[in-house]
Structure formats: C-alpha cells, structure tokens
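This is what each chain is made of:
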Number of protein chains: 4
Amino acid sequence: MATENISDSRIRLGMVGGGEDSFIGAVHRVAARLDDHFDLVAGALSSTSERAQRSGRMMRLPEDRIYPDHAGMARLEAARADGIEAVTIATPNHLHHEHCAAFLDAGIHVICDKPLACSMAEARDLAARAKSADLVFTVTYNNTGYPMVREARDIVASGRIGEPRAVQIEYAQDWLTNPIDAEGHKQAAWRTDPARVGPGACIGDVGTHAFNLAAFVSGLELESVFADVSSFVAGRRMDDDANILLRYGGGARGSMWASQIACGNENGLRVRVYGASGGVEWDGETPNHLKVIEYGAPPAILTRGGFGVGSAANRITRMAAGLPEGYLECFANTYLDAAELIRAKQQGRAPDPAALDAPDISDGMAAVGFVEAVVESAGKDRWVDVRR
Amino acid sequence: MATENISDSRIRLGMVGGGEDSFIGAVHRVAARLDDHFDLVAGALSSTSERAQRSGRMMRLPEDRIYPDHAGMARLEAARADGIEAVTIATPNHLHHEHCAAFLDAGIHVICDKPLACSMAEARDLAARAKSADLVFTVTYNNTGYPMVREARDIVASGRIGEPRAVQIEYAQDWLTNPIDAEGHKQAAWRTDPARVGPGACIGDVGTHAFNLAAFVSGLELESVFADVSSFVAGRRMDDDANILLRYGGGARGSMWASQIACGNENGLRVRVYGASGGVEWDGETPNHLKVIEYGAPPAILTRGGFGVGSAANRITRMAAGLPEGYLECFANTYLDAAELIRAKQQGRAPDPAALDAPDISDGMAAVGFVEAVVESAGKDRWVDVRR
Amino acid sequence: MATENISDSRIRLGMVGGGEDSFIGAVHRVAARLDDHFDLVAGALSSTSERAQRSGRMMRLPEDRIYPDHAGMARLEAARADGIEAVTIATPNHLHHEHCAAFLDAGIHVICDKPLACSMAEARDLAARAKSADLVFTVTYNNTGYPMVREARDIVASGRIGEPRAVQIEYAQDWLTNPIDAEGHKQAAWRTDPARVGPGACIGDVGTHAFNLAAFVSGLELESVFADVSSFVAGRRMDDDANILLRYGGGARGSMWASQIACGNENGLRVRVYGASGGVEWDGETPNHLKVIEYGAPPAILTRGGFGVGSAANRITRMAAGLPEGYLECFANTYLDAAELIRAKQQGRAPDPAALDAPDISDGMAAVGFVEAVVESAGKDRWVDVRR
Amino acid sequence: MATENISDSRIRLGMVGGGEDSFIGAVHRVAARLDDHFDLVAGALSSTSERAQRSGRMMRLPEDRIYPDHAGMARLEAARADGIEAVTIATPNHLHHEHCAAFLDAGIHVICDKPLACSMAEARDLAARAKSADLVFTVTYNNTGYPMVREARDIVASGRIGEPRAVQIEYAQDWLTNPIDAEGHKQAAWRTDPARVGPGACIGDVGTHAFNLAAFVSGLELESVFADVSSFVAGRRMDDDANILLRYGGGARGSMWASQIACGNENGLRVRVYGASGGVEWDGETPNHLKVIEYGAPPAILTRGGFGVGSAANRITRMAAGLPEGYLECFANTYLDAAELIRAKQQGRAPDPAALDAPDISDGMAAVGFVEAVVESAGKDRWVDVRR
C-alpha cells in the first residue's frame, strides 16, 4: 500500500472531545489508525466525567490516562516520559482556542478539527503560539486529502487549463431541513448556537470546507465576497443557507452555495474551476473521479490510481484503480501528512514536501477570515475583503 | 403519438431571418414541422437579397413568397387570401421589435425568438400591440417545453416539496472561450455586439433561459438581484460570464451562474428547487429524467413517459419511456402549444388550458426586465428590483 | 442544420399499416418529415376499413389515396403519374413479406420496419425481388442512425481499439413484465403471437436490434450462438427473456441479454466492444455520449457535435453539442440516408457513400438468420451457426 | 461509529503471506485494523526469508514472532499463552489448503483469501477440519460486506421484487490486457499459472466474486452453467475472459461476464436481479448507491446511511450518508463479522445473527465448485451442474 511505510514507531496520540456518540471523534480515530502511524493512548473525551470514563474504556485507554479535563491531561502528559506527542482536538468550536492553546503551551503537536476558532483574534493567537513553540498544527480541512483533489490542484497549477476564470463551489446538505436543533438533537443544537459555534453556522461548518477546497484546487486567493445569508427554519438562531459571490486574485470570479436545508443533498460538495483553456470538475460523492477538460478535445475522466494520474495523487492512493476509496481514506491522508510533519520536526529534518499539502493553521485562519467576511457582507449588503 | 392529432388544416407560417447558416432558423423549422401543424409558405430569410433567395429556394418556398424584406412580406401576405397566419421572427435581437411590430400590425400571430427585445420600452410596446390586436405572441423560451420540466413545475405547484426555499440555476456553455467574435465568427459577432444584442450578451442569451426556467419550475416571482458580471476574453465588448444572487417572492433565495466561457460545458442548463419538505432537480443534458426528493424517503428518478408522471408531461410526450427525446422535441412542444393557441383564437374558443404553458409575451417581458436589472445591479453594486 | 439540404423535391411516400394508435407508425411519419425529404401522400393504414379511413384523414391524405388494402394501393399508385416513389411498411411481422413484395413488384422503393420477415425463405425472396427490380430496400434498424453509434463504428474500424476481443450487448425492457398480452393489450398480443410475430418474440423485437447494433459497431460477422431462451410470464406463448453466447469471426466472443421483463429497464440498449488496445461503450439512454478508451490513457467522453468527433457522425448531427438529440432524430437519419439512396437511383448516380450506412435488406436478412439460429440453439442445446 | 464498540480486548492475529509488495496483504491489514478489533502480532509474511524479515519489521512485529514459514508459526504460536487467536492466509491459491490446514489443526481460527482452494477435494478437506475443530473459517468474498449489497439482499429476501427471474452479473477488469504475465509482472504471473492458481484464472479471481455476490443478493442457488471461456492474450496459459450462462434454482436465468482484458474497466463489478414485480441494481464503482425498482413506480435511489435503508446495512455503516465509503470499509466489515464470530466461539455464546453474513467456508466451497463446473462446461460444450 502506497501509504504504508512503517519504519518508525507510532506517534503517541491523545484526544480531547470526540467521545462516545461523537461522529467526528470516531472519524479522527479511524483516520489516525488507518495507516498505523498513531497510537491513541490518552484522552479527555467528554466534559461529563462519567462519559469521559466510559469513552476512554471503550477505546481501551489505560485508566490513568483517561482524564476528566483537557488542562490536567496537557499538564500530566507533558510530564510523562511516554507522554503524548500529538493531540486531536474534537470539541465544539468555542473550545478550540482554549484546548489547542493548552497543548501548544505544553509542547504537544496539535491536530484540530475545523473551523479553527470563533474569531480572527483567537486564530491569530493560536498561530503565534504554534509558531513560537515550533509545533505542527494541522486543521482537518480533510477534503484536500482526496487524491483526485490533489490531482486537480496539480493540473491547475501546471497551467493545463490556463489562467483560472470561473470558480463554482457548493456544499449542500439537508440534515437541518427540520428544526431538530430545537428538538433536542445534540449535534444540531451546538452547531446552531452562536455561543458555541462562532459567528457562522452553515457557513462555518460546510462553507469553510468549500472555501478551503476551492482555494486549494484553484491556487487562488479569495479577495472579497458578497453574501446573502439565510435562516429558513422557524426558531433557528443561525444561518442554514448562503449564496456568496466570490472575487479571486487574478480576476477569477465565482459563486458558492452552502446549505444545510437542501433536501436530497446528503453531502454535496462540488468544485469546478475553468480557465482560459480548460477546466477541472470534482464531486465529493464520486471522489475517485476527476473530469479534466482541455478545450478543443473531448473531456477525459481521470480515475484515482488510473492512467494519467500524477505523483501527488498516487502518493496517497491506497487501493488499485476501480476499488473505491472514500471519506475515511481522505481523512486518513490528512493524518498521514501530519505524521510526516511531526516526525520531521522530531527528527530535525525537512519533511517530505508533499506532506505540506496537509491543511495547516494558515488554512484555518483563512477560513475564519472567510466566515467573518461573509457575516459582515451579509450584514452590510456590500462587498467585503476576506483577507485579514 | 400523444402530440399528433391533425384534424385541422395546417397553419400557414412565414419566417423572418433564419436562412441558410442560421442555427436557430433550422431549429424553428423542424420544430414547426415535427407535429405537422404548420406549413412554411413564405419568408424574408436574410437581409442579403441573394441569400434570401437561395434560402427560400432551399426551403421550397414559392418564388413569389420569397421576400427581400420583412415589411413587404407583412404587407403582401396580409393581403393574400392564403396569406400566412403566423410568423416566426428569427432575426438578431435588435430587430425583434421592428419585425414583430410589422406582423402584429398586419394581424399576423407571432412566434419570436428570445430574448424578446433590447429594452423594456420595446417589450412593452410589443405587448400593447399584441393585446390590442388580440393576437398570439409566443416567445421561444423553449426549455419549458421539456415534459419533465412541466412535471417538475407540477410537483412544486402541488406542494409536494413544500414552500420553496432554495433555487439554484446555471446555464454554462463554452463556445465563447476564445475571441471568435473578433475573428469573423458571424454568430459570435452579433451576439457580443451591444448594438445588435441589447444590454446583455451572455445574460441575455443563456441567462434569460435560466431565469425563465427557474420561474416556471418554482412558480415564484424573482424580486431582486445582485449581480457580478464579467467579460473574460480579451477584446470582447460584452459580458461572457455572470454570477447573480436571487431573491424571490415568498422568501426563497438562490443564485444563478451563466457563462459562455466554461470549458467543457457544452450546454449545461440545470435547475434545482428545494422546499421545506423536498426538492426537484433537472439537468438539460439528461432531459428525460427528473430527480424528485420527498424528505424522509429515498429520492426517485422520474422518467419521461414512465411511471408516476402526470398529465402535463404526458400530453407532450411523443416517445415511449426510455426512448430519449431531445431539444428539437421540446422546441416542437412550444410550437405545438402555439398552434393550439392560434387555432383557438381563429375558432373563437378557449384554448386547451395546458397550451397556456407556452411561453408568451409576459415571459418575454419579464426576461427583458431581468437583463436590465442585472446590468443595473452590476453597474451600481447593489440589489436591484427586477419587477418593472 | 447539417441534414437540411433540400435542393430536390420531396419524395412521395406511402404507408401501409401504422395508423392511429400505432406507436411505430407515428415514429416513421415524424422521421420521414423531420428533414423534409418526404411527403406522405397515400396510405393503407389499417386492416380495418373504418380505421384506415379515419387514420388517413388524420394525416390529411387525399380521399382517393386512402386505400382499404395494400394490394390496391400498390397497383393504383404505380399507375399514377404522381404515384408514390417509396412506401413504408409498418404492419405486423407476418405481413411484411406480402406487403413488401407487392410494392417491390410495382417498382416502388421500400422502407420496412424490422424484423424483415418471419423466415429466411421470406427474407431471401424479398432480397431477390429488390435486387432484380433494382430498388432501394431499407430495414429500419434505426439505432445505427445515432451519430455516436456511427462514431463508435468508425473508431473501431480505424483500428484505434485494436482487434476486437469482447463484445457485450444488451437490450432490456420491462413492458411485458405482466401478462398484458393475455389481457387485451393489442401491441403485446401480436408481439407474443407466433402466428404474427415469427419464431422469436423478444429475440426478434429487441434481440435483433442488439444483434444489428453490435455487428455495425464491431464490424464483425457473428458466426455462432448458444442460447438460453425463457418465457417467464404465466400464459405467455413466446420468449420474453434470452441469454445468448456469441462467437464472432476473428475470434471475438461475447454475450447478449435481451429481455422484456426486466423491471426498471425502460429501453436499455447498450453495446460495448473491447479490443486489444482500447474500447468503446455506448448506451442508448444517453445516446449523445460515447466513452472511448485507449488503453494506457484516461477514457474520453466524446459528445455528439463535440470536439474530436468525425465526419460520419457530424454528417447526421442536427443540433449543437450539448443540445440532446434523441430517438426520433436517429430514426430520421435512417430516412435521411434512404432519401439519398432513392434519389441516387432515380438520378442514375452513385449515392453519397455515407448513405450506405442505412440498414438495408442484407441487414434484415442477417437478423432473421440470427432469430432462427437462436431458436434452434435453444431447442437443441448446442452452438448453432448464424450464417445462412 | 456504528461499528466501533470495543468492549472486548483485541483479537491477536497472525498473517501468512501478504508481505511487502503484496496488494491484498495490505488490504487485509487495514481491514483488520479499521475497527480496532484485531492486533497483528505474528507473521510468516513471505516465502523468502529476507523479505519475511523485512516485512515483519515494517509491521513492527516482535522479532521472535517473525516466522520463516507457516508451519513453525502455527506450532509455536499455538504453544504460546499469548499466541494468535486467528490467522489471515494471504498466499497464492495453491498454498491455501496446506496453510489453512496447519492453523486449523493448531486450533486457530482462519480468515482465508479467496478462492478457497484449487479443488473441491481440498475445499472439502478444509471444511471437515474446520468443522471438527469447531473453528471460525471466513473466506474473504468481501463484496458482501458493502452495506448496500446487504440492503439489496434484504430487499430481495423480503419479496419486494417478487420471485427472481433474471440475474445479470459482470466483473470486468483490464489489467491483463497486455501479456504482463510473460514479462515479469509477479502478481500477473502467479495468477495465470495453472500450478499456482488452480483450474481457473479470470473465472477464479473475479468470476467467483461475481458468483458469490449474485448468490448472496438473489438468495438463489446456482444450479448449472454453460460457459464459453477464452484466452485472448498471446502466450497466456489460462483464461482471461469468460461468458457464462446461468440457471438458478427456482427458474431464474442469467449470464455472467468475467474479464480481465476489457480495456477501460478498472474494476467493474455489477449485479442486477429482476423479479416478477421489481428489481435491484448495484455497481461496485458507486457502492454507496442502490437502485431499487418496484414495478409501477419510479425507481428509487437508496443511499448508504440514507432514508429507507434497513438494519443490516446500517449495522455496518460507518459514515454519515453522502460521505462515501469504499472498498477498505467493505473489507473491514468482513473482519468485523469475523471478530464477532470468533468472540462468540471464545465466549461460548451464540453470535449476533447478523455476523453470519460473513462469507464462510461453505461460500468458499461453492465458489470452487463454480470454477470446476465452468471449466468442465467449457471443455465439454454442455450444461454442467454446479452443485457438488
């Protein structure tokens, strides 16, 4: 398997949040485990002590490394000879800053779920801490871990489609079609609560994924947005649908649709970039395929592992062509890259340059800026600069 | 065949513009001929006399009914006992007003290509003339002639998907990727020439199709737009790409992307409408299918002629399920409806209500208003009311 | 429009069978009308005199050219100065021989629905008559009229996919899932009646289409078959499903599945041919696309009217790329080719070689041979030679 | 995550074969690791001592549990208090019998790659040993581990599609298009070597997957086959393409196409079952979707994790609807079920009945019988009974 090269010992990993019943916590664990580069050995897995205990046992953590809170965990793990080398932060957004800061200050590498933080101030503070401590800080904008997304990026970067002109992105879901946030659905409740989720709900949850993906594939910097943000469901406190106009550096224009009330869209993430001489189209529900257009010839369908695919995609390809890879594999690729970055730091060497594709704190900061700009634009009905 | 019911004699039809080398002229002719309700008997087919002659002969028109210009044609045909009953106007946009007016004033029904006119003033004037003369005036926003588009409209109207919330439309082409308008491509030249095409190029040509389709399917009135309009190709005088935010009556929101520089998109017309309890999705490159979502159940794929499809679609369905129908058939349905409306007028009876689905002058006017509003919004960087 | 070149006068056409309520009769009429090369002027449209009259009036035939039977029609039309030049035979299979023979003997070109006849003896007799009379004889295996089918044929013939190895074809429908033939469904009744349909029902109706299509695309001669033929529906008298192994000249092997009881398959005609260095795949429900594989490169999706498509397809392409064409257009292409062949005969010149792509009596004969061989193989449980 | 319930300690696992450069070995390891139910602690990973050592170290096995051969491993592991509880056999087919037997005899549960053995005699012998030792014996026909395959099975079993009539299966690949087996490609060499692969190459490798999948989904027993087996590539010693007619108990009929020379088919596994009142269609390249037809209604597209999906599929669903799962996840489900079966044996309790879906030795035996029957039929040109 391309990704299996286990000459080093496993990286000792801890987790904050992500206990039983957490969807994303389980994703992080499988992603960390898939290539066997990490060993989960400690956790503060829930704010409720009983659930923290139960979750820790479910994951077979040693009793003394099942912590009731992140602060104690950071302090005690830092003090152990066999303490964790990295931590996954899988708590609600409003806790990211405090939790990440604690581990950075304890000298522990951080893998933080997205979005990074609830404000640019928080994001900048984390970036400063990570920089001064010289630690790896990965933010799991995991969609850039799909091999065919990296292929798309390489094709655009190579100039094969010419200077980008049009960028169309969308991320449509339907799980918030009904007011489940008001009816006791725990995940829906915090994700639509301004106190816990930050200034944007739908735009923070799925909008920032789309923002990140488009930036990655197009290689362009988003400069400004004009946003029309809606909350369609009675009683909902935050946005559940947004239409956003995009202006990129270099003159490309586009639009983004982010929604969590689009019935029938389970997880419709899609990016299309068109340049002066071609285009690329990728759809997250068929992630092993990439449509590549060179204007003047029939479009080609590139497949993961198939003919004509380049080294960046092949490096993170596990399965033979035609054997589908999915979401867990792409998430695992973010962990794979993080593992290489952490080991390179530990070994005092330069990392494999390809591992720098892992989304880092600068991607996290940019996405926080995007949310702030969208909210500001929607409030003021004018174009707002995203760069901050 | 559902559409074949030829108890009446054929309607005598004339054509202005649309001679040899015209793409859309040929489409109109086949569409008129398909169900055998029309007989093309007269034409002023080109502004160049020689081409007009040659085109008329190619179509086997009688020599005395091959006219050098529309004005003479309108006058002489109106004077004949066997003169044309209806005329197709297939000239460039800036001539629509003059040409339509001439035939309306001669008491002849009009089938005009879209967009209707270059300004609301022109459009209103034509509407007034058609009304006072009590004539049929069809504007060939033909996509509403697809059976599954009518099915989608009926599903939305029935309330099955609930109150519409999100409307996503796009019409992406790539034929203007290169500066062919500056290189002698006749069709491209007039379609990007402000003197001949009106205030919007891409937004008039394909944008108004998308606008019309979304209004038809959603049953909603578009109230205001915020537009970002671009011209990407060096030397091009008009827009070739536009991203537009949409606010509909009743609170639905959405966006439209219209482009003629999106490499790999041959004719990508797509409409999606999502309501409080479901959605419909239709793609013009697979027009015989319609995805229907009722939230809480798996999506269904309705097929033209297939199970579960209603009467409006079946009325204009020619082929058995699984035998694909295409663009010519949908265009022919617009002619089919026009034939019924014309005969009802002639026979002094009420038309089959289903034939009122044919796009008429009010649709044409609304689309002209859309173009004006988009141009104004793009110029002023603010939301602009579309209703005028 | 590529196909519109109407310098000649229309060919006077008659029709036998195909009156009101006939599905295929209406298809023939539209197909003949689409490019304006034919004028339907006479008919013996039903075996029931009243229906024949009503159908003829519906089609606006002159009263004296609405005939009660084919024999009188052949005789009287042959005697008229303005008599029909060609006739469409759209009667049930068991009448094809008699009807075709009458018109051939009257010196009238024939366009006969498929299958050609109920036995090789009948087929050979018609071939002999057509040959001695030097008349055009088209058999409407219309699927070869799809532009992308001709493109597929050209690609295989060019050697781009190498020597064919594997041929996979299927034609699956579901309209005979229930015993509608026993419940008064007229079309189903005759199509499953051995006295009217010939030795094969499903294999004659859809199986021969698949057989013809595969031969056309692959350029190979089918040599022998091993067939497993079933009748699944209680009370049905003939086959409604068949699985057939195929051995082609040159060593290619394959299989065919023909069915009319495959729920959910409205009209699933599909052909795939794989050679030593590539392959082509075409699906009749998305007929404007063709997947082309050159081994070692990503597959390309060729589109009708799009980049990289050759002259045979473009010659019969009406609409711009992305504007879908369908079944009527492909059927019209068979008529388009027939018109050219007929005119060439009339004008004593060689036809446009491309028009020879129209399926002719040799295709019709081969298909009758296929049906006979399949029935024989199923009866004897052994490989049977198809060539006869 | 539905599959994560780690109350028990991990099962100690060994592996025979599957060392560095083995594709399927890596698949087994990830599959075993994904849900954290297994711990790989011992291995005889290659027949070459040096590669066995290097592979063992790559997997971080303790030095004393990196074995040079399977026999020593079985003996020594059985003697350890912390010896392996289960073993994965990932060697070429001709070694399966010897290797499996050694571990069964040592009282160790077996997870064997497919096909099970090179003859019915070998297969029966293994079955007898497994039975007498009361050990779990899983054969990794992993495609039954796809959630939507289990959903398809449940739908057919529920009677929703009626009595099955038509079964269409195919498994087409293209990796043996060229004579790479003769050019030093290690994997291709043994897979086309009669001494190592058994009587069938393509039919054993992919044909048995298709056979197993169709039996699982349809719930039918295949009774007899008529096969046409080919070897297209010069110098190849065994079959690389096969067309096979299928007769099932209960009267259903069908065909299978298995190929490894079908250019452009990376891994085209597809099963379709049609009954008297509906059908199911599943395609292994889009495994998260299942088309379900109830005759008389539009088809529905069921999605893994989506609305209307039943408990068998949901039990093994890890990701939310719309987040694609792939091949590794389905393979992991086979391991998940094996883990439950092993623990139930160890704990002296009945297993979760759902875990009995794991393909076991009876599935392995049936597939060996299928290969033998296909080879016999192709040799004798007659129908051959598969049940043996």
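Residues numbered from 1 in each chain as written. Chains lettered and ligands numbered in written order. Predicted model: local features only at pLDDT ≥ 70, side-chain atom pairs only at ≥ 80, totals over all residues.

**Points about the relation of the copies chain C and chain A**
Step number 1: Superposing chain C onto chain A requires a rotation of 180 degrees together with a translation of 0.0 Å along the rotation axis, leaving an RMSD of 0.0 Å. The superposition of one copy onto the other is thereby described by a two-fold rotation axis. For chain C, the residue whose C-alpha comes nearest the rotation axis is C:Ala300, separated from it by 2.2 Å. (Least-squares fit on C-alpha atoms with pLDDT ≥ 70 in both.)

**Observations concerning the sheet that holds strand β4 (residues 109–112) of chain D**
Backbone hydrogen bonds hold the strands of a sheet together, and the pairing may be parallel or antiparallel.
Residue and element names in this part refer to chain D.
Step number 1: Strand order across the open sheet formed by five strands is β2-β1-β3-β4-β5, with parallel pairing between neighbours. Each edge of the sheet is formed by a strand with only one pairing partner; in this case those strands are β2 (38–44) and β5 (137–139). Neighbouring strand axes in the sheet, compared pairwise and without regard to direction, differ in orientation by 20 degrees on average.
Step number 2: By the bridge criterion, six bridges tie strand β1 (residues 11–17) to β2 in an arrangement that is parallel. (Pairing = 2+ DSSP bridges. Helix = DSSP H or I, 4+ residues; strand = E, 2+ residues; numbered from the N terminus. Axes fitted to C-alpha atoms, helices over the stretch in contact; angles between N-to-C directions.)

**Looking at the pairing of strand β9 (residues 253–259) of chain A**
Residue and element names in this part refer to chain A.
Step number 1: Counting buried positions along β9 gives seven out of seven residues, so the element sits mostly inside the fold.
Step number 2: Side chains Arg-253, Ser-255, Trp-257 and Ser-259 of β9 all project onto a buried face; the interleaved residues Gly-254, Met-256 and Ala-258 project onto the opposite face, where all are buried too.
Step number 3: Taken together, the seven bridges between strand β6 (residues 164–172) and β9 define a ladder with parallel strand orientation. Residue pairing across strands places Ala-166 opposite Arg-253, the latter belonging to β9.
Step number 4: Pairing geometry for strand β8 (residues 241–248) and β9, over seven bridges, is antiparallel. Within β9, the residue paired with Asn-243 across the bridge is Trp-257.
Step number 5: With antiparallel pairing between neighbouring strands as the criterion, β8 and β9 make up a hairpin whose turn holds four residues, including Gly-250 at a positive phi of roughly 90 degrees. (Buried ≥ 20, exposed ≤ 12 C-beta atoms within 10 Å, placed from the backbone.)

**Looking at helix α12 (residues 361–380) of chain C**
Step number 1: In a regular helix each residue adds 1.5 Å, so 20 residues correspond to 28 Å; α12(C) covers 28 Å between its end C-alpha atoms and thus fits that length.
Step number 2: Two residues or fewer after α12(C) comes C:Asp381, characterised by a positive phi angle close to 55 degrees. (Expected span 1.5 Å × (residues − 1).)

**Regarding the pairing of strand β10 (residues 268–275) of chain A**
All names here are of chain A.
Step number 1: Across the eight residues that make up β10, a large majority, seven, are buried.
Step number 2: When β6 meets β10, the two strands line up antiparallel, connected through eight bridges. Bridge pairing in β10 places Tyr-171 opposite Leu-269.
Step number 3: With five bridges connecting them, β10 and strand β11 (residues 278–283) associate as antiparallel partners. Within β11, the position partnered with Arg-272 by the bridge is Glu-281.
Step number 4: Linking β10 to β11, which pair antiparallel, is a turn of two residues.

**Some details on the packing of helix α6 (residues 147–157) of chain A against helix α9 (residues 202–218) of chain A**
All names here are of chain A.
Step number 1: Where α6 contacts α9, the two axes come as close as 7 Å, and the packing angle between them is 45 degrees. Classified by the interaxial angle, the pair formed by α6 and α9 is oblique. Residues Val-149, Ala-152, Arg-153 and Val-156 of α6 lie in contact with α9, whose contacting residues are Leu-213, Phe-216, Val-217 and Ser-218. (Parallel < 35°, antiparallel > 145°, perpendicular 65-115°, else oblique. Contact = placed C-beta atoms within 7 Å.)

**Observations concerning the interface of chain C and chain A**
Step number 1: In this assembly, 11 residues from chain C lie in contact with 11 residues from chain A.
Step number 2: Of the residues that constitute the side of chain C that touches chain A, the class distribution is seven nonpolar, four polar and no charged. (Nonpolar A, V, L, I, M, F, W, Y, C, P; charged D, E, K, R; others polar.)

**Examining the interface of chain B and chain A**
It is common to report an interface's size as the accessible area lost on association of the parts.
Step number 1: Facing the 31 residues of chain B at the interface are 31 residues of chain A.
Step number 2: Only β6 (164–172), β7 (222–230), β8 (241–248), β9 (253–259), β11 (278–283) and β12 (289–294) of chain B provide two or more residues apiece to the side of chain B that touches chain A.
Step number 3: It is β9(B) that provides the largest number of residues to the side of chain B that touches chain A, a total of five residues.
Step number 4: For the side of chain B that touches chain A, the per-class residue count stands at 13 nonpolar, 11 polar and seven charged.

**Quick word on the domain arrangement of chain A**
Residues and elements named next belong to chain A.
Step number 1: With domains assigned, chain A is organised as domain 1 (11–143 + 336–360) and domain 2 (146–315 + 365–385).
Step number 2: A separation of 26 Å is found between the C-alpha centroids of domain 1 and domain 2.
Step number 3: Listed per partner, the contact involves 19 residues of domain 1 and 25 residues of domain 2.
Step number 4: The dominant element in the side of domain 1 that touches domain 2, judged by the number of residues it contributes, is helix α5 (residues 120–133), at four residues.
Step number 5: Here the residues of the side of domain 1 that touches domain 2 sort into 12 nonpolar, four polar and three charged. (Domains from an automatic or database assignment.)

**A few points about the sheet that holds strand β4 (residues 109–112) of chain C**
All names here are of chain C.
Step number 1: Taken together, the five strands give an open sheet; going across it, the order is β2-β1-β3-β4-β5, and neighbouring strands pair in parallel fashion. The open sheet is flanked by β2 (38–44) and β5 (137–139), the only strands paired with a single partner. Pairs of neighbouring strands in the sheet enclose a mean axial angle of 20 degrees, with direction left out of account.
Step number 2: In this structure, strand β3 (residues 86–90) lies alongside β4, joined through four bridges in parallel fashion.

**Quick notes on the environment of D:Ser9**
All names here are of chain D.
Step number 1: With respect to the secondary-structure elements, Ser-9 resides in the segment before β1.
Step number 2: For Ser-9, a count of 10 C-beta atoms within 10 Å corresponds to the exposed category.
Step number 3: For Ser-9 and Phe-38, which are 29 residues apart along the polypeptide, the C-alpha to C-alpha distance reads 8.5 Å.

**Comments concerning the environment of A:Glu63**
Step number 1: With respect to the secondary-structure elements, A:Glu63 resides in the loop between α2 (49–58) and α3 (70–79).
Step number 2: Between the C-alpha atom of A:Glu63 and that of A:Ala42, which follows or precedes it by 21 residues, the distance is 9.1 Å.

**Focus on the relation of the copies chain B and chain A**
Step number 1: Under the fitted operation, chain B is carried onto chain A by 0.0 Å of movement along the axis and a turn of 180 degrees, and the coordinates agree to an RMSD of 0.0 Å.
Step number 2: Most of the interface of chain B is mirrored in chain A: 100% of its interface residues are interface residues there too.

**Observations concerning the nonpolar core**
Step number 1: Judged by nonpolar contacts, the single largest core of 542 residues is most densely connected at A:Val374, B:Val374, C:Val374 and D:Val374.
Step number 2: Each residue touching B:Val374, except ones within four places of it in the same chain, is listed here: B:Gly200, B:Ile203, B:Gly207, B:Val225, B:Ala227, B:Val229, B:Ala242 and B:Ile244. (Core = buried A, V, L, I, M, F, W, Y, C linked by C-beta atoms within 7 Å.)

**Focus on the packing of helix α3 (residues 70–79) of chain B against helix α4 (residues 93–105) of chain B**
All names here are of chain B.
Step number 1: The geometry of α3 relative to α4 is characterised by a closest axis approach of 9 Å and an angle of 10 degrees between their N-to-C directions. With respect to each other, α3 and α4 are oriented roughly parallel. Residues His-70, Ala-71 and Ala-74 of α3 pack against His-99, Ala-102 and Phe-103 of α4.
Step number 2: Class assignment of the residues belonging to the contact of α3 with α4 gives a composition of four nonpolar, two polar and no charged.

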